[in-house]
Amino acid sequence: MTKKRLVVLGTGLIGREHCTLVQNHPQAELVGVADVTDDAVAYAQNIGVPCYARFESLLDETKPDGAIIALPNTLHLAAGLACLQRQIPCLIEKPIADTIPAAQQLVQASESFAIPILVGHHRRHSPDIYESKRLIAEGAIGDLVAVNGMWMADKPDDYFNAEWRRKPGGGPLLINLIHEMDCLRFIVGEIESVRAFTSNAARGFEVEDTASISLRFENGALGSFIMSDSVASPYTWEATSGQALYFPHQPGDCYFFGGTNGSLAAPSMNLWRHDQKTDHWENPFLRQHMPLDGSRAYENQLDHFLAVLAGTAVPVIGARDAMMTLAATLAVGIAAREDRTVTLRELLT
Ligand SMILES: NC(=O)c1ccc[n+]([C@@H]2O[C@H](COP(=O)([O-])OP(=O)(O)OC[C@H]3O[C@@H](n4cnc5c(N)ncnc54)[C@H](O)[C@@H]3O)[C@@H](O)[C@H]2O)c1
């Protein structure tokens, strides 16, 4: 099998991880990167690939089989369109774009050119996430009633040196909560409406640092979620799953799914049910640990992108699906600002 020739647009925090993943993959070759800093030029030289200041030049001169877009959120639209106009399928880091109209342009371009976009919601490629979805869909906990989740982390101060991370569009709703909304949509089902409180009291930036969220799903389940980037805790998917690229593994849970016949905690994959003969709340529960396949989310994501490029898979999360995740995430900010229930339908029409 010939190697797929890939490029990476943006060699910051996650772009460099993509470069490493591509260079370590036996069926992929990194043929160039685009970035605008001197540091990026030195980095590219160090890993042995050309660096272009304009991503259009990178695409025109290297003519890659696929592109990975790891630029700030506000550039996803321009870079995504640049790829699609050149018939180059792309893996766009999440969020697909920073606004719904921008996401709609990418959906339309992807569908009218028939060129796939895979959006970088890497958790969909993580065994705890797809196994939770499978177990719940197969009725392991009965009918889903309620969901609870947490993402509480303490970002270091220098993380905010990049100015875009302190401004609207670059805060933890679009950078972090968007992963949670995507996981919840993937595992539980489509979100119908959202209520929320947000606060910027801990960091005092223009963007929020903390949010408390209530969710109603189309299937009738209810959910709640707490998110903060100012809390020192291991209660994040990154820490508890051990799947993240640059966080230590702190085994534990961040999602709790409650059903009529039992409950499931993830990523620990502890399934709690009554013994069938003692189905009464005064009787003890049995804990069953559900096995995972041991694979790695980011490696699985790259394998999947290569399969999309080969035409043997359709994106597990394409542009339209990712626009729904963006809408659910943006709904949180609107619900908090306007102190009301926000439906996804109103954001998309
Ligand atoms: N899936 C994940 O695990 C994950 C993790 C982190 C970030 N992200 C997403 O990836 C994207 C990048 O985030 P980051 O934290 O790596 O940001 P970053 O600021 O570390 O990196 C962005 C890079 O883009 C470069 N850049 C800016 N403008 C450019 C231009 N016009 N042309 C070429 N290069 C340009 C910057 O110099 C920088 O090196 C964001 O959309 C973010 O939400 C995803």
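Remember, predicted model here, so these are calculated numbers, not experimental data.

Draft legend 1. Representation of the packing of helix α7 (residues 172-187) against helix α10 (residues 319-338) in the model. Relative orientation of the contacting elements α7 and α10 amounts to 120°, with a least axis distance of 9 Å. Considering the angle they form, α7 stands oblique to α10. In the packing of α7 onto α10, the handedness of the crossing is right-handed. Two secondary-structure elements touch here, α7 through L173, L174, L177, I178, M181, D182 and R185 and α10 through D321, M324, T325, L326, A328, T329, L330, V332 and G333. The residue inventory of the contact of α7 with α10, partitioned by class, reads 10 nonpolar, three polar and three charged.

Draft legend 2. Here's a closer look at the domain arrangement of the chain. What the domain assignment reports for the chain is domain 1 (4-122 + 298-317) and domain 2 (127-294 + 328-344). Each side of the interface is counted separately: domain 1 has 16 residues, and domain 2 has 16 residues. Taken together, the links from domain 1 to domain 2 amount to zero salt bridges. Here domain 1 is connected to domain 2 by one residue pair in polar contact (both at pLDDT 80 or more). Counting residues per element, the ones that place at least two in the side of domain 1 that touches domain 2 are α1 (13-24) and α9 (297-310). When residues of the side of domain 1 that touches domain 2 are assigned to their parent elements, the largest contribution, three residues, is made by α1. Broken down by class, the residue content of the side of domain 1 that touches domain 2 amounts to seven nonpolar, six polar and three charged.

Draft legend 3. Seen up close, the pattern of salt bridges. Within the structure shown, the criterion is met by 21 salt bridges. Taking the shortest distance from any N to any O, the salt bridge between K155 and D229 comes out at 3.7 Å. Pair noted here: K155 is in the loop between β7 (144-152) and α7 and D229 is in the loop between β10 (222-228) and α8 (237-241), with a separation of 74 residues, a long-range link. Residue classification places K155 among the buried residues on the basis of a relative accessible area of 11%. One salt bridge in this structure joins E338 and R340, with 2.7 Å as the shortest N-O distance. Judged by its relative accessible area of 45%, E338 is partly exposed.

Draft legend 4. Layout of the sheet that holds strand β5 (residues 90-92). The strand order across the open sheet built from six strands is β3-β2-β1-β4-β5-β6, with neighbouring strands paired in parallel fashion. With one partner strand each, in any of the chains shown, β3 (51-52) and β6 (117-119) form the two edges of the open sheet.

Draft legend 5. Quick look at the site of the ligand. Taken together, 26 residues sit near the ligand, with D35, N73, K94, R165 and Y298 positioned nearest. Between N73 and the ligand, the recorded distance is 2.6 Å, taken from a side-chain N or O atom to an oxygen atom. Between the ligand and the protein, one listed contact pairs a nitrogen atom with a side-chain N or O atom of H122 at 3.1 Å. Burial of the ligand by the protein chains amounts to 85% of its free accessible area of 850 Å². When its residues are assigned to classes, the shell around the ligand shows 13 nonpolar, nine polar and four charged.

Draft legend 6. Geometry of the sheet that holds strand β13 (residues 270-274). What the nine strands build is an open sheet, ordered β14-β13-β12-β11-β7-β10-β9-β8-β15; its pairing is mixed. Each end of this open sheet is capped by a strand with a single partner; those strands are β14 (285-289) and β15 (342-343). Pairing of strand β11 (residues 255-259) with strand β12 (residues 262-266) involves five bridges; the strand directions are antiparallel. If you follow G259 over to β12, its bridge partner there is G262. Relative to the sheet, helix α6 (residues 127-137) contacts β7, β11 and β12, its axis offset from that of β12 by approximately 170°. Contacts between α10 and the sheet are confined to β8 (191-199), β9 (210-217) and β15, with β8 contributing the most and set at about 50° to the helix.

The rules behind the values
- In this numbering scheme, every chain counts its residues from 1 along its sequence in written order.
- The predicted nature of this model means local features are confined to residues of pLDDT at least 70 and side-chain atom pairs, given and counted, to a pLDDT of 80 or more, with totals for whole chains, interfaces and linings taken over all residues.
- Only hydrogens and water are removed before side-chain values are computed, so all heavy atoms of the structure are retained for them.
- In this analysis an axis means a line fitted to C-alpha atoms, helices contributing only their contacting stretch, and an angle means the value between N-to-C directions, from 0 to 180 degrees.
- Counting from the N terminus, the helices are the DSSP runs of H or I reaching at least four residues and the strands are the DSSP runs of E reaching at least two.
- When an angle is under 35 degrees it counts as roughly parallel; over 145 it counts as roughly antiparallel; between 65 and 115 it counts as roughly perpendicular; any other value is oblique.
- Should the near helix be turned counterclockwise from the far one by less than a right angle, the crossing is left-handed, whereas a clockwise turn marks it as right-handed.
- Residue contacts are counted whenever heavy atoms from the two residues lie within 4.5 Å of one another.
- Each residue gets one label: Ala, Val, Leu, Ile, Met, Phe, Trp, Tyr, Cys and Pro are nonpolar, Asp, Glu, Lys and Arg are charged, and the others, such as Gly, are polar.
- The domain limits used here are those given by an automatic or database domain assignment.
- Think of a salt bridge as a Lys or Arg side-chain nitrogen and an Asp or Glu carboxyl oxygen that are within 4 Å of each other.
- For the purposes of these results, a polar contact is taken to be a pair of N or O atoms within 3.5 Å, where, inside protein, one atom must be able to donate a hydrogen and its partner to accept one; residues adjacent in sequence count only when each atom of the pair is a side-chain atom.
- We call a residue buried when its accessible area falls under 20% of the maximum for its residue type, exposed when it is over 50%, and partly exposed in between, using a 1.4 Å probe and counting protein chains only.
- Here the rule is simple: two strands pair whenever DSSP picks up at least two bridges between them.
- Nearness here has a simple test: a residue counts as near a molecule or strand if at least one of its heavy atoms is within 4 Å of that partner.
- Residue burial considers only the protein chains on display, and all accessible areas are found by Shrake-Rupley using a 1.4 Å probe.

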